[in-house]
Amino acid sequence: MQEIIKIENVSVRFDHHATQHRSLRTTLSNLAKNRRAEYFEALKDVSFTIDKGETIGLIGRNGAGKSTLLRVIAGVIKPQLGNVIVNPSSRLVPLLELGIGFQAELTGRENCFLAGALMGLSKKQIQAKLDGIIKFAEIGNFMDEAVKTYSSGMYARLAFSLATEIEPDILLLDEILGVGDMFFIRKCTARMQKMIRSGITTIMVSHNLDFLVTQCSRLIWLEHGQIRLQGEPKMVADAYRKLGDQK
Amino acid sequence: MLIHFKNLNWGFLKAYAFTQIKLRYRHTTLGILWNVLEPVLYLGTLSLVFSAINRMELSDYVVYLFSALVPWRYFEATILGVMESIIAGEWLLKKLAISYFIFPLTRWLIAAIDFFCAFAVVLVILAFVKPIWTIHIFILPVSIFITSAAALGIGMLLAVAYTFFRDIKPLATTGLMLTFFSAPILFKADSMPMGSLQSELLVYHPVTYFAALFQKPLYYNCLPSLLDWQVTAGIASVFLGLGIWALHHFTPRFYFYL
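Residue positions within a chain follow its written sequence, with the count starting from 1. Here chains are named by letter from A upward and ligands by number from 1 upward, in the order in which they appear as written. Restriction of local features to residues with pLDDT of at least 70 applies here, the model being predicted, together with a cutoff of 80 or more for giving and counting side-chain atom pairs; totals for whole chains, interfaces and linings are based on all residues. As a rule here, side-chain values come from all non-hydrogen atoms in the structure, and water together with hydrogens is ignored.

1. Looking at the overall build of chain B
And then number 1: By definition, any uninterrupted DSSP run of H or I lasting at least four residues is a helix, any uninterrupted run of E lasting at least two residues is a strand, and each is numbered from the N terminus. Within chain B, the secondary structure is distributed over 11 helices and 0 strands.
And then number 2: For 258 residues, the compact-globule formula gives about 18 Å, and the C-alpha radius of gyration of chain B, at 19 Å, lands near that figure.
And then number 3: Here's how the labels work: a residue is buried when its accessible area is under 20% of the maximum for its type, exposed when over 50%, partly exposed in between, all with a 1.4 Å probe on protein chains only. Sorting the 258 residues of chain B into buried and exposed places 49% on the buried side.
And then number 4: Contacts: residue pairs with any heavy atoms within 4.5 Å of one another. Counting only contacts in chain B whose residues sit at least 6 apart along the sequence, the fraction spanning at least 24 positions is 76%.
And then number 5: Accessibility throughout is a Shrake-Rupley quantity obtained with a 1.4 Å probe, and a residue counts as covered only by protein chains that appear here. About 12,100 Å² of surface is accessible on chain B, with carbon and sulfur atoms providing 72% of the total. Within these notes, the globule rule equals 2.2 Å times the number of residues to the 0.38 power, and the radius of gyration is based on C-alpha atoms.

So, in C-alpha cells, the structure goes:
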C-alpha cells in the first residue's frame, strides 16, 4: 500500500498566555516578574502512518487531542516538535466544520465560487460541478439567496455537497455529521461510502462509535494527547467502551 | 520565504477581494458607484473647508490638496487594513492551511482598487481645474508603486504586532493621525515661516517625501528630487523587507494567538 500521510513524533502544546492574555501590559508584567509560560500539551509524541485508501476513525474523550491532530494533518497547526508529511500530489480537503470559506451575506452560488477558489478550483471547474452540487444539496431556487437565510440543514447540505464534489484525495472530517437530520446523515453516509469505495483516504473524528466501526478500516484511540490503542475498529471500540463502563 | 508567494492561492485572493467590495455596496441603490462618489464628496467637503482656513484660492488649493491627500488615504487604508487582516482572517486561518500572506494582500488589493477609483476621479476633476499639465505626471506609477510597498510593509509589521498585542491598534491609529496632521498635506510646507521650528521639522518628516512624489508632478509641475526618491525608496524597501520577514518568521505561532 502507498503511504499517503506520515506523522512522526508530533507534539503540540498550547501556551496559556497566548490563549488568555494578549495585552501588552500582561506581557510586560510577566517579563518583569520573570513569570514562566504555562503550557497545555495537546499532543505528545504521536506517530503513525496512513496508507492510501484507508478510512481512519479518531476516538477519545473531549480534550484528548482528536481535533488538534486533525488540524495538524490539515497543516493549520504547525507542531512544535515532529513532522507531518502529506503526499504533496494529493488534494486534501479539511472539513473541520461545515461551510469553511462561506460568507453569510453571499448567496449559495457565490459561496460555491468563493469556497471553490479556496480549494484551488478555477471558475470554469466550479461551474462544471455546480449542477451536481445543487442536485445533492436539494436547495433549488435558494441557491441565489444569501446563505444567512438558510436553515441549518440547508447550509449543511450545501457545504457537504460542495466539499465532496471537489473530489478530494484526502478528506478530514471533524464531527460534521452530527449537524443535520437523519435524512441528511443517511445521504452523506451513502456519499461517503461511495467515496471510500473509490479509494479516497478519510480521517474522521466522531463520538458515534457504531458509525465508525462500520465505516473505518482502523480506529485510533487518543487519550491525554497520546495514542492509547490503534487497530481493527471493533477491537479498539470494545476496549474504549470497556473503559467507559468502568468509569 | 518565497514558498509563501509560490503557494499563494491567487484565485482565492482575487475572488475574496472582489467579493468584499461587492458586499460593501450590496444593499445600496447606487452600488459600486459609491466607490467613486464617496471620495468626491469627501474631497469636496475638505477642499471647501481648508481652502477657507488656509486662505487659498479654491482651484489652486484643490490641486494641492488632492495631489497628496488621495495617496495618503490609500497609504492609511492599506496600513490599517493590512494590520487588522490576520486577526480578521481568523474565520479561515484556524480551519484551513492557507498562506498567511493572503489576507494582508487582499486588504492591500481592496485599498488599491479604492485608490484607483478615487485617483481617477481626482484626475478628471483636475483636468478641469488645473491650468497647466506637464509630462511629469507620467512618473506617478513609480510614486504609487513606492507608496504601496511602504504601506504594505508597515501594515505587515503591524499585523504581526497586532496579532500578539491587541493594544497596537489604537496606538497605530493615533500615530497615523499625528503623522497626517503634522505632514504637509492639508497645508503647504512653504506656508511656514522660513527657519521656524515647524519648517525645520518638516525636513525630517518622512511623509514630506512621500507627499512630494505626488505633489511635485501634479501641483508644482516638476519631478521629485533625488532625495525624495532615495528617502521613500529606502523606507519602502526596509519596511517591506521587514514586513515579509516578520510575517514569515512568526506564522507558526499565529494559530495560538488568534
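2. As for helix α10 (residues 206-218) of chain B
All names here are of chain B.
And then number 1: Every helix has an expected span of 1.5 Å times one less than the residues it contains. Between its terminal C-alpha atoms α10 stretches 19 Å, which fits the 18 Å expected from 13 residues at 1.5 Å a residue.
And then number 2: Here the bend at a residue is taken as the angle between two axes, fitted respectively to the seven residues that end there and the seven that start there. Along its length, α10 reaches its greatest deviation from straightness, about 40°, at alanine 212.
And then number 3: By the criterion of burial, α10 is predominantly enclosed, with 11 of the 13 residues buried.
And then number 4: Of all the positions in α10, only Val207, Thr208, Tyr209, Phe210, Ala211, Ala212, Leu213, Phe214, Gln215, Pro217 and Leu218 are classed as buried.

3. A look at the sheet that holds strand β7 (residues 201-205) of chain A
Residues and elements named next belong to chain A.
And then number 1: Reading across the sheet, the 6 strands line up as β5-β6-β7-β3-β8-β9 and stay open at both edges, with mixed pairing between neighbours. With one partner strand each, in any of the chains shown, β5 (92-95) and β9 (226-231) form the two edges of the open sheet. Neighbour-to-neighbour, the strand axes of this sheet turn through a mean angle of 15°, independent of strand direction.
And then number 2: In this scheme, strands are said to pair when DSSP sees at least two bridges between them. Across 4 bridges, β5 lies against strand β6 (residues 170-174) in parallel orientation. What sits directly across from proline 94, in β6, is leucine 172. In this analysis an axis means a line fitted to C-alpha atoms, helices contributing only their contacting stretch, and an angle means the value between N-to-C directions, from 0 to 180 degrees.

4. Thoughts on the packing of helix α4 (residues 58-88) of chain B against α10 of chain B
All names here are of chain B.
And then number 1: Between α4 and α10, the least distance of the axes is 9 Å, while the angle of their chain directions is 130°. When the interaxial angle is binned, α4 and α10 end up oblique. Relative to α10, the crossing made by α4 is right-handed. Contacts between α4 and α10 pair Val63, Tyr64, Ser67, Ala68, Pro71 and Trp72 from the former with Val207, Ala211, Phe214, Gln215 and Leu218 from the latter. Working definition: roughly parallel below 35 degrees, roughly antiparallel above 145 degrees, roughly perpendicular at 65 to 115 degrees, and oblique for all remaining angles. Here is the rule for handedness: rotate from the far helix to the near one, and if that takes an anticlockwise turn smaller than a right angle the crossing is left-handed, while a clockwise turn gives right-handed.

5. Structural notes on the layout of surface pockets
Residue and element names in this part refer to chain B.
And then number 1: Its volume calculated, the second largest pocket comes out at about 570 Å³.
And then number 2: Lining the second largest pocket are 27 residues, with Arg24, Ala77, Ile110, Ala111 and Asp114 sitting closest to its centre.
And then number 3: When residues of the lining of the second largest pocket are traced back to their parent elements, those giving at least two are α2 (10-24), α3 (34-53), α4 and α6 (102-129).
And then number 4: Broken down by element, the residue count for the lining of the second largest pocket peaks at 10 residues, all from α4.
And then number 5: Across the lining of the second largest pocket, the residue classes break down as 15 nonpolar, 5 polar and 7 charged. Detection works on a 1 Å grid of protein atoms alone, calling trapped sets that fit a 1.4 Å probe cavities and calling open sets with protein on both sides within 12 Å along at least five of seven lines pockets, with lining residues defined by an atom within 4 Å of a point. Grid points are joined across faces, edges and corners, and a volume is the space filled by probe spheres set on the points. Under the grouping applied here, Gly and all other residues not named as nonpolar or charged are polar, the nonpolar ones being Ala, Val, Leu, Ile, Met, Phe, Trp, Tyr, Cys and Pro and the charged ones Asp, Glu, Lys and Arg.

6. Examining the interface of chain B and chain A
And then number 1: Each partner contributes to the interface: chain B provides 28 residues, whereas chain A provides 33 residues.
And then number 2: Taken together, the two surfaces of chain B and chain A that pack against each other cover about 2,600 Å², and 65% of this comes from carbon and sulfur.
And then number 3: Values labelled buried area give the accessible surface lost by two parts on being combined, using a 1.4 Å probe and summing over both. Three residues stand out in chain B for area buried against chain A, namely Lys95, Leu96 and Phe256 of chain B, and they jointly supply 27% of the buried area on that side.
And then number 4: Only one rule defines a salt bridge in this text: a Lys or Arg side-chain nitrogen within 4 Å of an Asp or Glu carboxyl oxygen. Among the salt bridges present, the one from lysine 22 of chain B reaches glutamate 110 of chain A, with a minimum N-O distance of 3.3 Å.
And then number 5: Pairs of N or O atoms within 3.5 Å make up the polar contacts considered here, provided that, within protein, one atom can donate a hydrogen while the other can accept it, and that residues adjacent in sequence are counted only when both atoms are side-chain atoms. Linking chain B with chain A are 8 residue pairs in polar contact (both at pLDDT 80 or more).
And then number 6: Every element with two or more residues in the side of chain B that touches chain A is listed here: α2 and α5 (90-93) of chain B.
And then number 7: A per-element tally of the side of chain B that touches chain A places α2 of chain B first, with 8 residues.
And then number 8: Along the lines of polarity and charge, the residues of the side of chain B that touches chain A split into 17 nonpolar, 5 polar and 6 charged.

7. Describing the packing of α4 of chain B against helix α8 (residues 168-182) of chain B
All names here are of chain B.
And then number 1: Across the interface, α4 lies against α8 with an axial gap of 11 Å and an inter-helix angle of 170°. Viewed along their axes, α4 and α8 adopt a mutual orientation that is roughly antiparallel. From α4, Leu69, Trp72, Glu76, Ile79, Leu80, Met83 and Glu84 reach across to α8, where they touch Ile168, Lys169, Ala172, Thr173, Leu176, Thr179 and Phe180.

8. A closer look at the pairing of strand β8 (residues 218-223) of chain A
All names here are of chain A.
And then number 1: In terms of burial, β8 is a largely internal element, 6 of the 6 residues being buried.
And then number 2: Neither face of β8 is left uncovered, since the one carrying Arg218, Ile220 and Leu222 and the one carrying Leu219, Trp221 and Glu223 both have all their residues buried.
And then number 3: Across 4 bridges, strand β3 (residues 55-59) lies against β8 in parallel orientation. Paired with leucine 58 across the strands is isoleucine 220, a residue of β8.
And then number 4: Hairpin connection of β8 to β9: 2 residues between the antiparallel strands, including histidine 224 at a positive phi of 50°.

9. Structural notes on the environment of isoleucine 170 of chain A
All names here are of chain A.
And then number 1: For isoleucine 170, the position within the fold is in strand β6.
And then number 2: Counting along the chain gives 29 residues from isoleucine 170 to glycine 199, while the straight-line C-alpha distance between them is 9.6 Å.
And then number 3: Here isoleucine 170 is in contact with Ile4, Ile5, Val86, Ser90, Arg91, Leu92, Val93, Ile200, Thr201 and Ile203, once residues within four sequence places are set aside.

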